[in-house]
Amino acid sequence: MKAWQGAGDGPDRGPGRPDAAALEDLRRRGIELDPEGAAEDHAHPHHHAEPGEPPIIGIVGAGAVGTALGTALARAGWPVAAVASRDAERRERFRSLVPGARAFAEANALLDEVELILLAVPDDVIPDLASRLHMYSGQAMVHTSGALGAEVLEPAMAAGTQVGAFHPLVAFADTERAVAALHGATIAIEGDAELAALLADMAEAVGATAVRLLPGTKAAYHAAAVLAAGGFVALLDAIAELGRVTGLDEAGALAIYGGLIEQTLGNARALGISRALTGPMTRGDVGTLRRHLAALGRHAPDALPLYRAAAEREIALAEGRGSIAPEVAGSMRLVLAGPK
Ligand SMILES: NC(=O)c1ccc[n+]([C@@H]2O[C@H](COP(=O)([O-])OP(=O)(O)OC[C@H]3O[C@@H](n4cnc5c(N)ncnc54)[C@H](OP(=O)(O)O)[C@@H]3O)[C@@H](O)[C@H]2O)c1
């Protein structure tokens, strides 16, 4: 495991961090910032892991992702030292799953305790929360969003800090099922080389594999995930609709076309996507394309746009691999563009 190499330990509080007077004021007004520990701890610069050890981790948000990641990391032996959640019940649940973690009601209080801050809060909350948190030199902050890039955390940065992202491609419904699902899952990471190496180790610690994304490409990565999951379901729905035309119920359509789908996925894995393409577009079979469009128009007009979009992509693939001549590809495109 790679050592965490924090860049220093200057207690350079950024603007917005509560000072002692503000803390006293909050305490007088009965606002609980640190339900467990002594208030003086907040004045200390953040704690450090021993060289060669994983960083001390704090998680903001004891929701589905924060709780499952905290649990998985703690079980893997990573030091999850603190959690921040505004909800007392969720704080207690987190502490029951991650023994020894300190619980805070407010995210800023957690910053004094840890080296690596994981923001596991809703996407829409991340930018605003980041603008209210100010890291110490040597700290890193990552969020778990699939849709946002690491750059949304920049407002929390100070000299010598790092920002990144750690997005598990897992459906976090139930904590234990999610912890189990992390094994074998993919986690998209962002960050500079040092932080990315650490996040890759962290992914490995929970049984997952890290994929490194290029900066600024998070939305594209997430869109591909949505095509792979939701987009694929939309395709299945169109297949089932056409199946009904032929007298198949949904189970029947899945049984018949599911086999073809699995074979195609197997071919793509073995041969590459382009060589896995089969069917009329690879042969330049304009007559078959016409018959398909007519049948769809008659029986399943709602599925026509999907068929057309896929066919355009298939024609480009077939042309690109040299299966059909450019004039044939052109004729097929004309048929596709015909009366809708
Ligand atoms: N769910 C999934 O399957 C999944 C998968 C991969 C990635 N993600 C990403 O992980 C992140 C968290 O998702 P989640 O499903 O864990 O959400 P969640 O279950 O709704 O939990 C969100 C947590 O953030 C806290 N929070 C909400 N609003 C806040 C605010 N204004 N200030 C501070 N904290 C606030 C919540 O409240 P308390 O402070 O009251 O505890 C809760 O602890 C999101 O970016 C999401 O896109 C989700």
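Residues numbered from 1 in each chain as written. Predicted model: local features only at pLDDT ≥ 70, side-chain atom pairs only at ≥ 80, totals over all residues. Heavy atoms only, no water.

Asker: So what exactly am I meant to see when it comes to the overall build of the protein chain here?
Answerer: Along the backbone of the protein chain there are 14 helices and 8 strands. Put simply, 62% of the contacts in the protein chain that link residues at least 6 apart link residues at least 24 apart. In the form shown here, the protein chain has an accessible surface area of approximately 16,800 Å², with 57% of it arising from carbon and sulfur atoms. (Helix = DSSP H or I, 4+ residues; strand = E, 2+ residues; numbered from the N terminus. Contact = heavy atoms within 4.5 Å. Areas by Shrake-Rupley, 256 points an atom, 1.4 Å probe, with all protein chains shown as cover.)

Asker: Can you walk me through a nonpolar patch on the surface in this structure?
Answerer: On the surface, F232, L235 and L306 cluster together to form a nonpolar patch covering roughly 230 Å² of accessible area. Checked against the element boundaries, F232 lands in helix α8 (residues 218–245). For F232, a relative accessible area of 33% puts it in the partly exposed group. (Patch = residues over 30% accessible without salt bridge, like charges linked within 9 Å, V, L, I, M, F, W, Y side chains within 5 Å. Salt bridge = Lys/Arg side-chain N within 4 Å of Asp/Glu carboxyl O. Buried < 20%, exposed > 50% of the residue type's maximum accessible area, 1.4 Å probe, protein only.)

Asker: Honestly, the site of the ligand in this entry has me stumped. Any pointers?
Answerer: The local shell around the ligand holds 22 residues, among which V65, S85, R90, D123 and T144 are the closest. V121 is positioned with one of its backbone polar atoms (N or O) 3.1 Å from an oxygen atom of the ligand. When isolated, the ligand has an accessible area of 880 Å², and the protein chains bury 75% of it. For the shell around the ligand, the class distribution of residues is 12 nonpolar, 6 polar and 4 charged. (Near = heavy atom within 4 Å. Polar contact = N/O pair within 3.5 Å; in protein donor to acceptor, adjacent residues only side chain to side chain. Nonpolar A, V, L, I, M, F, W, Y, C, P; charged D, E, K, R; others polar.)

Asker: Just to check I follow, could you spell out the sheet that holds strand β6 (residues 162–168) for this structure?
Answerer: Sheet strands line up and pair through hydrogen bonds in the backbone, either parallel or antiparallel. A sheet is described by the order of its strands in space; here 8 strands give the open sequence β3-β2-β1-β4-β5-β6-β7-β8, paired in mixed fashion. Every interior strand has two partners, whereas the edge strands, β3 (102–104) and β8 (209–212), have only one. Pairwise comparison of adjacent strand axes, ignoring direction, gives a mean angle of 25 degrees for this sheet. The pairing of β6 with strand β7 (residues 186–190) spans 4 bridges and is classified as antiparallel. Each residue of the ladder has a partner; that of P168, found in β7, is I187. Packing against the sheet, helix α2 (residues 64–75) makes contact with β1 (57–60), β2 (80–84), β4 (116–119) and β6, and its axis sits at approximately 165 degrees to β1. Running over the sheet, helix α3 (residues 88–97) touches β1, β2 and β3 and is turned about 165 degrees from β3. (Pairing = 2+ DSSP bridges. Axes fitted to C-alpha atoms, helices over the stretch in contact; angles between N-to-C directions.)

Asker: Can you help me understand the side chain of H143 in this one?
Answerer: Mapped onto the elements, H143 comes out in strand β5 (residues 140–143). A polar side-chain atom of H143 sits 3.0 Å from the main-chain amide nitrogen of S145. From its side chain, H143 meets the backbone oxygen of G149 in a polar contact 3.0 Å long. In contact with H143, not counting residues within four places along its chain, are L119, I126, L148, G149, A150, V152, L153, G164, A165, F166 and K218.

Asker: Would you mind going over the side chain of H167 with me for this structure?
Answerer: With respect to the element layout, H167 can be found in strand β6. Judged by relative accessible area, H167 falls into the buried class, the value being 10%. Excluding residues within four positions of it along the chain, H167 makes contact with T144, S145, G146, T186, I187, A188, K218 and Y221.

Asker: Is there a simple way to think about helix α12 (residues 286–299) in this case?
Answerer: One turn of the α-helix equals 3.6 residues, which is why residues spaced by three or four share an orientation. The terminal C-alpha atoms of α12, which comprises 14 residues, lie 20 Å apart, in line with the 20 Å expected from a rise of 1.5 Å per residue. Residues of α12 that are buried in the fold lie against α8, α11 (280–283), α13 (304–320) and α14 (326–337). (Expected span 1.5 Å × (residues − 1).)

Asker: I keep staring at the pattern of salt bridges and nothing clicks. Help me out?
Answerer: Side chains that differ in charge, positive against negative, can pair when their charged atoms come close. For the structure shown, the criterion picks out 7 salt bridges. Here R95 and E92 are joined by a salt bridge, their closest N and O atoms 3.5 Å apart. Of this pair, R95 and E92 both sit in helix α3, 3 residues apart, which is roughly one turn of that helix. By relative accessible area, E92 is classed as partly exposed at 42%. Notably, a salt bridge pairs R132 with D128, separated by 3.4 Å at the nearest N-O pair. A residue pair is termed a helical-turn pair when its members lie 3 or 4 positions apart in one helix, as R132 and D128 do in helix α5 (residues 126–132) at 4 residues. Classification of D128 as partly exposed rests on a relative accessible area of 43%.

Asker: In this structure, what is going on with the pairing of β8? I would like to understand it.
Answerer: For a regular strand, side-chain orientation follows a simple rule: the groups alternate between the two sheet faces. Pairing analysis gives 4 bridges linking β7 to β8, with the strands arranged parallel. Residue pairing in the sheet places I189 in a bridge with R212 of β8. For the handedness criterion, the β-α-β arrangement of β7, helix α7 (residues 193–205) and β8 is classed as right-handed. (Right-handed = clockwise from strand over helix to strand, strands pointing away.)

Asker: How should I be thinking about the confidence of the model for the protein chain in this particular structure?
Answerer: When pLDDT is low, close inspection of the predicted coordinates is not appropriate. With 86% of its residues at a pLDDT of 70 or more, the protein chain has an overall mean of 88. The low-confidence segment residues 5–18, where pLDDT is below 50, has 36 contacts with residues more than four positions distant or belonging to other chains. Of the regions scoring below 50 in pLDDT, residues 23–44 engages in 37 contacts with residues more than four places distant in sequence or in other chains. (pLDDT = per-residue confidence, 0-100.)

Asker: Please explain the packing of α2 against helix α6 (residues 175–182) as it appears in this structure.
Answerer: Axis angle and axis distance: for two packed helices, these are the angle between their axes and the distance between the axes, and together they describe the pair. One way to put it is that α2 packs onto α6 with a least axis distance of 9 Å and a crossing angle of 55 degrees. Of the possible angle classes, the one that applies to α2 and α6 is oblique. For the pair α2 and α6, the crossing hand works out as right-handed. Contacts between α2 and α6 pair T67, A68, L69, T71, A72 and R75 from the former with T175, E176, A178, V179 and L182 from the latter. In the contact of α2 with α6, the residues fall into 6 nonpolar, 3 polar and 2 charged. (Parallel < 35°, antiparallel > 145°, perpendicular 65-115°, else oblique. Left-handed = near helix turned anticlockwise from the far one by under 90°.)

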